[in-house]
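Structure at a glance
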Amino acid sequence: MAIKTEFRDIDDRIGGLRNGDLICIASRPTVGKKVFIYNLVTNIAQKEIPILIFSLENCKSQALKEIFDVVFAINKTEDNKIYSEERHAEDVRTSILVEQNTCILDNSLSIESIEQNAKLMKLQKDIGLIIIDYLQLIKHEGTLEEVIIRLKTLAKELNIPIIILSQLSKELESREDKRPILSDFKSSSAIVDYADTILFIYRDDFYNKDSEKKYVVEVITSKNKYGDIGTDELLNIRNRYVNIEKYKE
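Residues numbered from 1 in each chain as written. Predicted model: local features only at pLDDT ≥ 70, side-chain atom pairs only at ≥ 80, totals over all residues. Heavy atoms only, no water.

Under the definition given, this model contains 0 disulfides. This cysteine, C59, is not joined by any disulfide, and C103 carries the nearest cysteine sulfur, 14 Å off. Look at C59 and you get partly exposed, because its relative accessible area is 39%. (Disulfide = S-S within 2.5 Å. Buried < 20%, exposed > 50% of the residue type's maximum accessible area, 1.4 Å probe, protein only.)

Right, let's talk about the environment of E212 for a bit. You can see E212 is positioned in the loop between helix 8 (204–207) and strand 9 (216–224). In this structure E212 comes out as exposed when scored by relative accessible area, which is 83%. Between the C-alpha atoms of E212 and R87, which are 125 residues apart in sequence, the distance is 29 Å. (Helix = DSSP H or I, 4+ residues; strand = E, 2+ residues; numbered from the N terminus.)

Moving on: the nonpolar core. Ranked by size, the top nonpolar core spans 37 residues in total, and within it L52, F54, I130, I132, I138, L151 and I164 carry the most contacts. The element contributing the most residues to this core is helix 6 (residues 144–158), with 7 residues. What I138 contacts, discounting residues up to four positions off in sequence, is L56, L109, S110, I111, I114, I132, V147 and L151. Counting residues in hydrophobic clusters, the runner-up holds 36 residues, among them I53, A63, I131 and Y134. (Core = buried A, V, L, I, M, F, W, Y, C linked by side-chain atoms within 4.5 Å. Contact = heavy atoms within 4.5 Å.)

Glancing now at the pattern of salt bridges. All chains considered together, the criterion is met by 19 salt bridges. Where E115 meets R150, a salt bridge forms, and the shortest distance between an N and an O atom there is 2.7 Å. Of this pair, E115 sits in helix 5 (residues 111–125) while R150 sits in helix 6, and the two are 35 residues apart along the sequence. On the basis of relative accessibility, which here comes to 15%, the residue E115 falls in the buried class. Across the salt bridge formed by K213 and E218, the nearest N and O atoms sit 3.6 Å from each other. K213 sits in the partly exposed class, given a relative accessible area of 30%. (Salt bridge = Lys/Arg side-chain N within 4 Å of Asp/Glu carboxyl O.)

Let us look at unusual backbone geometry. A cis amide bond, omega 5 degrees, links D133 with the succeeding residue Y134. In this fold, Y134 is placed in the loop between strand 6 (129–133) and helix 6. Even without a glycine there, the phi angle at D126 is positive, about 50 degrees. Here Y215, not a glycine, exhibits a phi torsion of approximately 70 degrees, which is positive. Looking at where Y215 falls in the secondary structure, it is placed in the loop between helix 8 and strand 9.

Centre-to-centre distance and the angle between the planes together describe a pair of aromatic rings. Counted according to the given criterion, the structure contains 4 aromatic pairs. With a centroid separation of 5.6 Å and 35 degrees between ring planes, the pair formed by F185 and F200 is classed as tilted. Taken together, the residues span a long stretch of sequence, with F185 in the loop between strand 7 (162–167) and helix 7 (190–194) and F200 in strand 8 (residues 197–202) at a distance of 15 residues. For the pair formed by F185 and F200, the shared burial category is buried. Ring geometry for F206 against Y207: centres 5.0 Å apart, planes inclined by 85 degrees, an arrangement best described as edge-to-face. Residue F206 is classed as partly exposed on the basis of its relative accessible area, which comes to 34%. (Phe/Tyr/Trp six-rings, centres within 6.5 Å; stacked < 30°, edge-to-face > 60°.)

Spatial relationships are all this shows, so hold off on functional conclusions.
Written as structure tokens, this is what we have:
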């Protein structure tokens, strides 16, 4: 069983978010991995699948605000062809479903606490997806590799997908092509060994003001247990990511 992200090309490539899998989404800070995650939450909560987010960086209220910013993003544009009262009503319905189906914990900072709360929430709410924001902030004794192995084991035990966000080495900033590659994990390289799927988020317009790919988000699948690797593109509308084909007409 797999949860569809509703990003068509990505779902075709990775087959959705599969039960028991450990999925890593990574980028340099502020490039867009957290916005991508909040778009996933927006899409998946509409299916009424309970989601548990361990927000290690932001407090619960801030995380929820940023999710709602994504939900209502398109209605903030000045393009009247996109905005409509019907769209606003749809977004209101989505925001209600997000709030009903998303649990955000901002006080579970250790790997032990994450494991305990994940098991409890699985029993209480039958959560279908766990998101951890982000890997390098998890408090632990021992090595980061041991943390990654425990998260992979937890995904299999609960039989749900676990997504972990990860920062990448700043050394990639010195390259001419700043698209991430697997070796950019550096100190957290164990993720390459144990994750089932690794997605990198890249925006050329973040680095190049004159980019020909303005408002385009590249989702680079660099490890895929179930198929091929490659790059798929989404359109960024004020932090709402949508299937790009819809706006090519």
